[in-house]
Structures are given as structure tokens and as C-alpha cells.
Amino acid sequence: MQEITDPQAMRAWARAERQRGRRIGFVPTMGALHEGHLQLVDRARSRADRVVMSIFVNPLQFGPHEDFANYPRTLARDRELAMQRGVECLFTPAATSIYPESPVIRVLPGSLGDLLEGATRPGHFAGVLTVVAKLFHFVEPDIAVFGRKDYQQALLIRRMNEDLSFGIEVDVAPTVRELDGLALSSRNVYLQPDERRSALALSRSLRAVEQAWRGGQADAQELTRRGLEVLTAPNVHPDYFALVSEQLEPVKRADARTVALVAARVGKTRLIDNVMLGEGIGSDTAVRAS
Ligand code: AMP
């Protein structure tokens, strides 16, 4: 596995590979890798000849009171996991090489970036889209793979790709969960054992809403009430529970394409999760905790 830190060297490597006729698959991450990230690698692998993974904790997407300084950084372990999973090129740039100075020009998500996650985390998605646009320029991938776990993020990246004509194939992979339903997240390492138990309230609330909908309840208000009712556990502070269309519009009646999105603080750790009602949590990938 190649490891590249310099963005220009990254671009040169990717261009040389493409000139040899190889399709490049790209998996951008912030590291602290878990099986959710590694399944994105598998997806990229099956659709491309060379897999590039980036590890970059992007300062631009963290708010002033968020966990940028404490975000888990486990590069030695990440390197090992990426190599074992067959990543050909690990791109690990320094913040100073991605942002030699604070960018004046940023990619703005528009109104879709002000809802839900964006309402709680102002500027978050502008930070995400700006770094993803820059990473796309350095890697120039044929296909880039993102996780459904960050539903709004994946939607905005798809939109950016279309609106700004990147011409990249954007693929979105199912959420990877532990066997008890907890969606894998780099932030799960913050959870104390009692908080780990409480954190199950998120997936439980999604499952409850999915079951109520399958049982014939389609009224979005009723389903939201049901979700919030189940989202109660010690130390769980709900941020939002929302039923929206695939494009994040509010819905009155839920159908198979309706997405239930939940965010809550568990202790000090903020977690998110979602399910598309017609697919259900059961269609996500379950793995044993490592
Ligand atoms: P992050 O390192 O948290 O920024 O995530 C990098 C990529 O991995 C994003 O596309 C995420 O949506 C994806 N991802 C994170 N957790 C999961 C998960 N549990 N299942 C599937 N994809 C995930």
C-alpha cells in the first residue's frame, strides 16, 4: 500500500493510474476506522481497479464547541486495517497542505444544508462539501463511496456532484450496525458502558417507527410521536426525530421511500442514525463488534 501525504503527489499518482486505464474508487474518511468504513472499501473494490482511501480530520466541518481536538486519531491502526482490506493508496494529508490558508471560497449547500444536522451544526455541511470537493480534485476518482449512515451528507454530496458537474459516480452504501442495532461510528469510543446501552435507544426508535408503519400507521405526526416516545433512556437527550422524503422534504403521510432520521446526545456524545421505512433496519449490514 502506498501512503501519500502531499496533495500534488496524490494527484500525480491517480493520474498515472488512470493513464494506465485503471478505474479509481475513492473512500473519504476521518479515520478511527471501523467495519463501516471498511465495507465502503469493499464496495469501491468491486467497482474499481484501484482503491484510494483518505484519512483527514477536517477542521472546517467542526463547530467551535465540537470535538475537533478530541476526535479519535488512530493512524497506526488505521494504516494496518486499510492495508489488510486491500486499499492501494492511503492519502493522509496534513491540514496545512489542504488549507495553506483559510479558504475564502467555500461550497455552500443552500437550504438543504440548513435543516436537521445543519440546524444544529451551522456551517457543518459547507465544511464537508468544501473538503470533499478538494479531495475530489486531488484524487479525480471515477467512483466515490459514502455511507447511508450520514444520510443528509450523502444527499448533499450527490447534489454537489450534479450541480457542480464533477462527473463522478457517487455510490451510497448501507449502514453497518453492531448485532444489537447500534450503528457503527468513530464516536462510539466515547461511550461509557451505561451510555453504550442507552445509545441503543436511537436504533430502537427507528425500528419502532418502522414497525408502526408496517402495522398500518402512515400519519407522520403519529409516527414521530412514537419515535420520540421510544427515544427515551438515561442520559439520552433527543435533538430531532424527523420523517422526510428522500430529498428531505417534510411528509404528512409516510410511504416506503420515507426516511426516518434521528439525532440525540448520549451523555456528551452526539449520535445520528436513520432508516428508509420500506427497506428497514433489517436490510442494513450487521457485524459483530471488533
Ligand atoms: P467519517 O469517517 O465518520 O467521516 O465517515 C466516513 C465515511 O464512512 C462516510 O461516508 C460515512 O457515511 C461512512 N460511515 C460511517 N459510519 C458508517 C456506518 N456505520 N455504516 C456505513 N458507512 C459509514
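Residues numbered from 1 in each chain as written. Predicted model: local features only at pLDDT ≥ 70, side-chain atom pairs only at ≥ 80, totals over all residues. Heavy atoms only, no water.

Details of the site of the ligand
Then, in step 1: Around the ligand there are 17 residues in total, and Met 30, Gly 147, Asp 150, Val 176 and Leu 184 lie nearest to it.
Then, in step 2: When the ligand is considered free in solution it has 490 Å² of accessible area, and contact with the protein chains removes 92% of it.
Then, in step 3: Among the secondary structure elements, those contributing two or more residues to the shell around the ligand are strand E2 (24-29), helix H2 (35-47) and strand E5 (143-147).
Then, in step 4: Looking at which element gives the most residues to the shell around the ligand, the answer is H2, with 3 residues.
Then, in step 5: Classifying every residue of the shell around the ligand by side-chain character gives 8 nonpolar, 7 polar and 2 charged. (Near = heavy atom within 4 Å. Areas by Shrake-Rupley, 256 points an atom, 1.4 Å probe, with all protein chains shown as cover. Helix = DSSP H or I, 4+ residues; strand = E, 2+ residues; numbered from the N terminus. Nonpolar A, V, L, I, M, F, W, Y, C, P; charged D, E, K, R; others polar.)

Observations concerning the side chain of Arg 148
Then, in step 1: Positionally, Arg 148 belongs in the loop between E5 and helix H7 (151-163).
Then, in step 2: A distance of 3.3 Å separates a polar atom in the side chain of Arg 148 from a polar atom in the side chain of Glu 279.
Then, in step 3: Those residues in contact with Arg 148 that sit more than four places away from it in its chain are Val 172, Ala 173, Pro 174, Thr 175, Asn 274, Met 276 and Glu 279. (Polar contact = N/O pair within 3.5 Å; in protein donor to acceptor, adjacent residues only side chain to side chain. Contact = heavy atoms within 4.5 Å.)

A closer look at the packing of helix H6 (residues 124-139) against H7
Then, in step 1: Two numbers describe how H6 lies on H7: the axes approach to 11 Å, and their chain directions differ by 50°. By the angle between their directions, the pair H6 and H7 is classed as oblique. Like other packed secondary-structure pairs, H6 and H7 cross with a definite hand, here right-handed. Taking contact as the criterion, the partners of Phe 125, Val 128, Leu 129, Val 132, Ala 133 and Phe 136 in H6 are, on H7, Gln 152, Gln 153, Leu 156, Ile 157 and Met 160. (Axes fitted to C-alpha atoms, helices over the stretch in contact; angles between N-to-C directions. Parallel < 35°, antiparallel > 145°, perpendicular 65-115°, else oblique. Left-handed = near helix turned anticlockwise from the far one by under 90°.)

Concerning the sheet that holds strand E8 (residues 236-244)
Then, in step 1: Across the sheet, which stays open at both edges, the 3 strands sit in the order E8-E9-E10 with antiparallel pairing between neighbours. With partners counted over all chains shown, the strands left at the sheet margins are E8 and strand E10 (269-276), one partner each. Pairs of neighbouring strands in the sheet enclose a mean axial angle of 15°, with direction left out of account.
Then, in step 2: Each of E8, strand E9 (259-266) and E10 is contacted by helix H9 (residues 200-214), which is oriented at about 20° to E10, the strand it contacts most. (Pairing = 2+ DSSP bridges.)

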